Amino acid sequence: MSVGQLARRAGLTAKALRHYDRVGVFAPASVDTAGYRWYTPDQLAAARLIARLRGLDVPLDDVRRCLADPAVVADVLQAHERRLEARITRLRGDLHELHHLLTDSGASTMTDEPEILDHRRLGAALFNGVWELLEQEDRSVADDDRMLHMAHASRHHWGEVGGAAHLARGEWQCSRVYSVLRRAEPALHHARRALALCTENGLGDWDLAFCHEALARAHAIAGESEAAREEAERALAVDIAEDEDRALVLADLETIPGLPRFW
């Protein structure tokens, strides 16, 4: 098969196949005297594997490993899944920090009492520290303990000086930490508290959507797939003003274990 023929059948482009040859990922069976690349039919499966892996943004070095030893594909995909989850967590943390700043932008820090300022600084620092730990792929048991206590400490400090949005986001973060630690009961408890705070204070948009996301995740951890699916549907039904925020909700829903990809 020519480059173009293989590209069409594998779901790649001819340009991509030439690039993979140049970088040593996938070489043709032969190159004729005119410089044309030719492939054999039994190379089609490998080309299709490359297309699927690269479609998921799997790094080229990992693609090369998979081609050399198909037995490592599952390990490579699991490692890539962890990287993607860490990336989503970083984005989620950035969004939270951004909204904290926007929520606080109208407050006059010049007239705040020192104690209030301390609560705000500690609440924000602990909140961000939890995200840094969530991003780690190799946390120890001690790291998990730290992460859990920091989430509760952040929620405490915001409880002293924050508004309803701060409290709901603090409960949401506690729920996420418990879900990551596979502790369903407290994850459900804090997700329900976050939802109650949103409902009681008229909070909507992405705050409300993420409350349902937290409930969906906690139900999934508990093995309650039907309840998880229902909460995911509620999250999707929330009216979210910004496309970027909605995309982040969708991305988070897709990391929930065992939940069908129905959105």
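Just above, that's the structure.
Scope of this entry: the structure provided in the associated data block. (Residues numbered from 1 in each chain as written. Predicted model: local features only at pLDDT ≥ 70, side-chain atom pairs only at ≥ 80, totals over all residues. Heavy atoms only, no water.)

### Quick look at the packing of helix 7 (residues 141–161) against helix 8 (residues 164–180)
It is the contact of helix 7 with helix 8, at a shortest axis distance of 9 Å, that shows an interaxial angle of 170°. Taken together, the axis directions place helix 7 and helix 8 in an arrangement best described as roughly antiparallel. Contacts between helix 7 and helix 8 involve Met147, Leu148, Ala151, His152, Arg155, Trp158 and Gly159 from the former and His166, Leu167, Gly170, Glu171, Gln173, Cys174, Val177 and Tyr178 from the latter. Here the contact of helix 7 with helix 8 is built from residues that sort into eight nonpolar, five polar and two charged. (Axes fitted to C-alpha atoms, helices over the stretch in contact; angles between N-to-C directions. Helix = DSSP H or I, 4+ residues; strand = E, 2+ residues; numbered from the N terminus. Parallel < 35°, antiparallel > 145°, perpendicular 65-115°, else oblique. Contact = heavy atoms within 4.5 Å. Nonpolar A, V, L, I, M, F, W, Y, C, P; charged D, E, K, R; others polar.)

### Thoughts on helix 10 (residues 205–221)
One turn of the α-helix equals 3.6 residues, which is why residues spaced by three or four share an orientation. With 17 residues, helix 10 ought to run about 24 Å at 1.5 Å a step, and its terminal C-alpha atoms sit 25 Å apart, in line with that. In terms of burial, helix 10 is a largely internal element, 15 of the 17 residues being buried. With its phi angle positive at about 85°, Gly223 sits one or two positions after the end of helix 10. (Expected span 1.5 Å × (residues − 1). Buried < 20%, exposed > 50% of the residue type's maximum accessible area, 1.4 Å probe, protein only.)

### Brief notes about helix 3 (residues 44–55)
Helix length check: helix 3, at 12 residues, gives a terminal C-alpha distance of 16 Å against a target of 16 Å (1.5 Å per residue), a fit within 8%. For helix 3, the full list of buried residues reads Leu44, Ala47, Ile50, Ala51 and Leu53. Looking one or two residues beyond helix 3, the residue adopting positive phi is Asp57, at roughly 65°.

### Notes on the packing of helix 10 against helix 11 (residues 225–237)
Contact geometry for helix 10 and helix 11: axes closest at 8 Å, N-to-C directions at 165°. Taken as axis vectors, helix 10 and helix 11 run roughly antiparallel relative to one another. You can see that helix 10 and helix 11 cross each other, and the crossing is left-handed. Seen from helix 10, the contacting residues are Ala209, His212, Glu213, Leu215, Ala216, His219 and Ala220; seen from helix 11, they are Ala227, Ala228, Glu231, Ala232, Arg234 and Ala235. Residue composition of the contact of helix 10 with helix 11, by class: eight nonpolar, two polar and three charged. (Left-handed = near helix turned anticlockwise from the far one by under 90°.)

### Things to note about the nonpolar core
Within the largest apolar cluster, 35 residues are counted, with the highest numbers of intra-cluster contacts made by Val130, Met147, Val177, Ile240, Val249, Leu253 and Ile256. Sorting the residues of this core by element identifies helix 6 (114–135), helix 7, helix 8, helix 9 (184–201), helix 10, helix 11 and helix 12 (243–253) as the ones contributing at least two each. With eight residues, helix 10 is the single largest residue contributor to this core. Discounting chain neighbours no more than four positions away, the residues touching Met147 are Val130, Leu133, Leu134, Arg139, Val177 and Leu181. One finds Met1, Tyr20, Val25 and Tyr39 within the second-largest nonpolar core, a separate group that totals 23 residues. (Core = buried A, V, L, I, M, F, W, Y, C linked by side-chain atoms within 4.5 Å.)

### Some words on unusual backbone geometry
Even without being a glycine, Arg182 presents a positive backbone phi close to 60°. Relative to the helices and strands, Arg182 is located in the loop between helix 8 and helix 9. Accessibility expressed as a relative area gives 55% for Arg182, which makes it exposed. Look at Asp205: it is not a glycine, yet its phi comes out positive at around 55°. When you line up the elements, Asp205 lands in helix 10. Look at Asp205 and you get partly exposed, because its relative accessible area is 25%.

### Some details on the side chain of Thr255
Among the secondary structure elements, Thr255 is positioned in the segment after helix 12. A polar contact of 2.9 Å, which involves the side chain of Thr255, links it to the side chain of Arg217. Within the structure, the side chain of Thr255 is placed 2.7 Å from the backbone oxygen of Asp252, a separation counted as a polar contact. If sequence neighbours within four positions are ignored, Thr255 has contacts with Glu85, Ile88 and Arg217. (Polar contact = N/O pair within 3.5 Å; in protein donor to acceptor, adjacent residues only side chain to side chain.)

### A look at the packing of aromatic side chains
One pass over the full model with this rule turns up five aromatic pairs. One aromatic cluster in this structure is built from Phe127, Trp131, Trp172, Trp206 and Phe210. (Phe/Tyr/Trp six-rings, centres within 6.5 Å; stacked < 30°, edge-to-face > 60°.)

### Notes on the environment of Arg64
Looking at where Arg64 falls in the secondary structure, it is placed in helix 4 (residues 60–68). Separated by 40 residues in the primary sequence, Arg64 and Gly24 place their C-alpha atoms 8.3 Å from one another. For Arg64, the residues in contact, after removing those within four places along its chain, are Val23, Gly24 and Val25.

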